[in-house]
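Close look at the chain arrangement
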Amino acid sequence: MLFWRVKPLDKIMETAGKKALTRQLGAFQLTMLGVGAVIGTGIFVLTAEAGQKAGPGMMVAFVIAAVVCALAALAYAELASMIPVSGSAYTYTYGVLGEALAWIVGWALVLEYAVAAGAVSVGWSGYMNGLLMHTNLFGLVEPGALSLPMALRTGPYDGGTFNVLACLIALAVTWLLVIGTSKSAKVNAVLVSIKVAALVGFIVIALPAVQSENFEPFLPSGWGSPMGGIGVLGAAASIFFAYVGFDAVSTAAEETKNPNRNIPIGLIGSLLICTIFYLLVSYGAVGSVGSQPMIGAGGAVISPGTPEMAAACMGSEALVCSKEPLAHVMRMLGFGGIGNLIGLAAALALPSVVLMMIYGQTRIFFTMSRDGLLPEILSRVHPKYHTPHVVTMITGGFVAAFAAMFPVGILADISNSGTLFAFIMVSIGVMILRKQQPGRLRPFRTPLVWLVCPLAVAGCLLLFFNLSLYTISLFFGWAIIGLVVYRFYGYRHSDLGRGLTAAEGGEVPPPEPPFHEGPQA
């Protein structure tokens, strides 16, 4: 029953012509969008999170996450080049495994994108609050004079009441996306440049300060255990969502010039660039100031993102307690001014990650609505800006609410559960299509597909079951809610369910569409 209502790939291409988005993004823009989505949370924010779970072993966790991500990226590149329309893993699953599984994937992607956007908004708030606490505004005020009250710096789990800055940045990014993808991409390219420059500066200062004793013990919490959420594998499962930028790039396929060439370039290129930065920065952070986890009363490592962790970190200068870890490292090394500059760079650049997460979420909802699985109003395109403005505003509102109330640790782990499930479905889909349609044109072919894709599935399952039991339970609860919504709405209203097999006048997008600038270009 799960594998019925498979939507033919040709039909998917035709449906895109019913309500098409403007094609205006090239290979460079896609790569910069990918870099903007990937570099950010894992380095600027989740370095402390990974350190609490694995100590210096977080470096191994970054490598594990990168390897699994690279395997999944190769599968994504093949499907994205074959099916250059919006929707990402949802669209690919619809064309291979059927409507019910496609719905589950689309529903899971809410965890991947919207919750991740909330997590990064919280990370941005941490850097911005740290900057306000330490800056003297070029001698105009005393340090700390600009800081917000504690109740407005964090949500309830972290000892505050309402994270006002996280809420505001999510709303600002939503407005930027409503006025047009092209303008958003140009702003994002500037922010990515600032972010990369900050990381280069951090590497130059931190690497010479590395001391071998800071890596001992290297694995204070071991490799971890299934559903434990701690250890090297638990850290890898948490920071994995920081690599999700390449997936967000694939959701931009319908707005890409020459997608058969540019999507694989954007996917693989952004992943390679970001992995190098992840390894260098994490090595510098761990080696220069140390990264041993906080231990609870019973001798066990405390789970990050909990009230117990907040209590243990009260007044502590440990890296694992910092909400602005890279700026914190610079200050501990005696470079307070550089720390403030890195904090400023993060405050300027992290919104680019929020931008790509909300961007990816809205394009998936847009496509699900176009297929009839969600109300038609969600696929309406603004007459002036040519963007799906209704779903963008709804998504942004929820992201702002998540960011205002929850800490980055909880949001990151919840996001990962949906991410890993989507990656598994895509990898399986590549293998099925190789058997079902071996003659279909594949502008990009996954190398060693019968080795790469099974390893991608195995790697994602390994990380999924090293999330905490709470996170895994929440994922399955969310999936059950999604199945109920599908049964009572999507099942009855989908185009395939109502027998709408024609494209209703839509045309197949050409493999290399002519260049067309949007009104905001």
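Use the structure listed above.
Quantities reported herein were computed from a predicted structural model and do not represent experimental measurements.

**A short note on the nonpolar core**
- Judged by nonpolar contacts, the single largest core of 155 residues is most densely connected at Phe 44, Phe 202, Tyr 243, Tyr 278 and Leu 326.
- In terms of residues, this core owes the most to one element, helix H6 (residues 99-134), which gives 22 residues.
- Each residue touching Tyr 278, except ones within four places of it in the same chain, is listed here: Val 38, Ile 39, Gly 42, Ile 43, Phe 62, Ala 242 and Tyr 243.
- Met 309, Cys 313, Val 320 and Cys 321 belong to the second largest nonpolar core, which has 6 residues in total.

**Observations concerning a nonpolar patch on the surface**
- On the surface, Leu 152, Tyr 157, Phe 162, Met 405 and Phe 406 cluster together into a nonpolar patch covering about 380 Å² of accessible area.
- Assignment of secondary structure puts Leu 152 in the loop between H6 and helix H7 (164-178).

**Looking at the pattern of salt bridges**
- Per the stated rule, a full pass over the model turns up 3 salt bridges.
- Between Asp 413 and Lys 53 there is a salt bridge, and its shortest N-O distance comes to 3.1 Å. Here Lys 53 lies in helix H3 (residues 41-54) and Asp 413 lies in helix H16 (residues 408-436), a separation of 360 residues in the sequence. The pair Asp 413 / Lys 53 is uniform in exposure class, with both members buried.

**Some remarks on the layout of surface pockets**
- Each pocket or cavity is described by its volume, and for the largest pocket that value is around 1000 Å³.
- Sorting the residues of the lining of the largest pocket by element identifies H3, H6, helix H12 (307-312), helix H13 (325-332) and H16 as the ones contributing at least two each.
- Broken down by element, the residue count for the lining of the largest pocket peaks at 8 residues, all from H6.
- Here the residues of the lining of the largest pocket sort into 15 nonpolar, 17 polar and 7 charged.
- Put simply, the second largest pocket is a space of about 490 Å³.
- Forming the boundary of the second largest pocket are 20 residues, of which Val 110, Ala 114, Phe 398, Phe 402 and Trp 478 lie nearest the centre.
- Where the lining of the second largest pocket is concerned, the elements lending two or more residues are H6, helix H15 (389-405), H16 and helix H18 (469-493).
- Taken together, the residues of the lining of the second largest pocket break down into 19 nonpolar, 1 polar and no charged.

**Quick word on the state of the cysteines**
- A complete count under the given rule lists 1 disulfide for this structure.
- Free of any disulfide, Cys 69 has its nearest neighbouring cysteine sulfur in Cys 460, separated by 8.7 Å.

**Quick notes on the environment of Ile 273**
- Among the secondary structure elements, Ile 273 is positioned in helix H11 (residues 259-289).
- In the structure, Ile 273 is positioned 239 residues away from Gly 34 in sequence and 9.7 Å away in space, judged by C-alpha atoms.
- With near-sequence residues (within four places) excluded, Ile 273 lies in contact with Thr 31 and Val 35.

**Considering the packing of aromatic side chains**
- Per the stated rule, a full pass over the model turns up 15 aromatic pairs.
- Here the aromatic rings of Trp 103 and Trp 107 are separated by 5.6 Å at their centres, their planes lie at 20 degrees, and the arrangement is stacked. Residue Trp 103 and its partner Trp 107 are located together in helix H6, separated by 4 residues, close to a single helical turn. Accessibility assignment for this pair places Trp 103 and Trp 107 in one class, buried.
- Here the aromatic rings of Phe 464 and Phe 465 are separated by 5.2 Å at their centres, their planes lie at 85 degrees, and the arrangement is edge-to-face.
- For Phe 464, a relative accessible area of 6% puts it in the buried group.
- Every member of this aromatic cluster is reached through a ring pair, and the members are Trp 103, Trp 107, Trp 478, Tyr 486 and Tyr 491.

**Focus: the environment of Ala 73**
- Structurally, Ala 73 can be placed in helix H4 (residues 58-82).
- When the C-alpha positions of Ala 73 and Thr 446 are compared, they lie 9.2 Å apart, and in sequence the two are 373 residues distant.

How each quantity is defined
Numbering of residues begins from 1 in every chain and follows the order in which that chain's sequence is written. With pLDDT at 70 or above as the cut-off, local features in this predicted model cover only qualifying residues; side-chain atom pairs require 80 or more to be listed or tallied, and sums for whole chains, interfaces and linings still use all residues. With hydrogens and water stripped out, all remaining heavy atoms of the structure feed into the side-chain values. We define a nonpolar core as any set of buried Ala, Val, Leu, Ile, Met, Phe, Trp, Tyr and Cys residues linked to one another through side-chain atoms lying within 4.5 Å. Each residue gets one of three labels from its accessible area relative to the maximum for its type: buried under 20%, exposed over 50%, partly exposed in between, using a 1.4 Å probe on protein chains only. Helix and strand definitions here come from DSSP, where helices need a minimum of 4 consecutive H or I residues and strands a minimum of 2 consecutive E residues; each element is numbered from the N-terminal end. Contacts are assigned to residue pairs with any non-hydrogen atoms lying within 4.5 Å of each other. Residues enter a patch when their relative accessible area is above 30% and they make no salt bridge; the linking distance is 9 Å between like charges and 5 Å between nonpolar side chains (Val, Leu, Ile, Met, Phe, Trp, Tyr). To be clear on the numbers: accessible area is Shrake-Rupley with a 1.4 Å probe, and residue cover counts the displayed protein chains and nothing else. What counts as a salt bridge is simple: a side-chain nitrogen of Lys or Arg found within 4 Å of a carboxyl oxygen of Asp or Glu. Using only the protein atoms, space was sampled on a 1 Å grid; points where a 1.4 Å probe fits but cannot get out form cavities, open sets with protein on both sides within 12 Å along at least five of seven lines form pockets, and lining residues are those with an atom within 4 Å of a point. Grid points are joined across faces, edges and corners, and a volume is the space filled by probe spheres set on the points. Gly is put with the polar residues, along with every residue not named as nonpolar or charged; the nonpolar set is Ala, Val, Leu, Ile, Met, Phe, Trp, Tyr, Cys and Pro, and the charged set is Asp, Glu, Lys and Arg. Here, two cysteine sulfur atoms that lie within 2.5 Å of each other are counted as a disulfide. The criterion for an aromatic pair is that two Phe, Tyr or Trp rings (for Trp, the six-membered ring) have centres within 6.5 Å, with stacked assigned to planes under 30 degrees apart, edge-to-face to planes over 60 apart and tilted to the rest.

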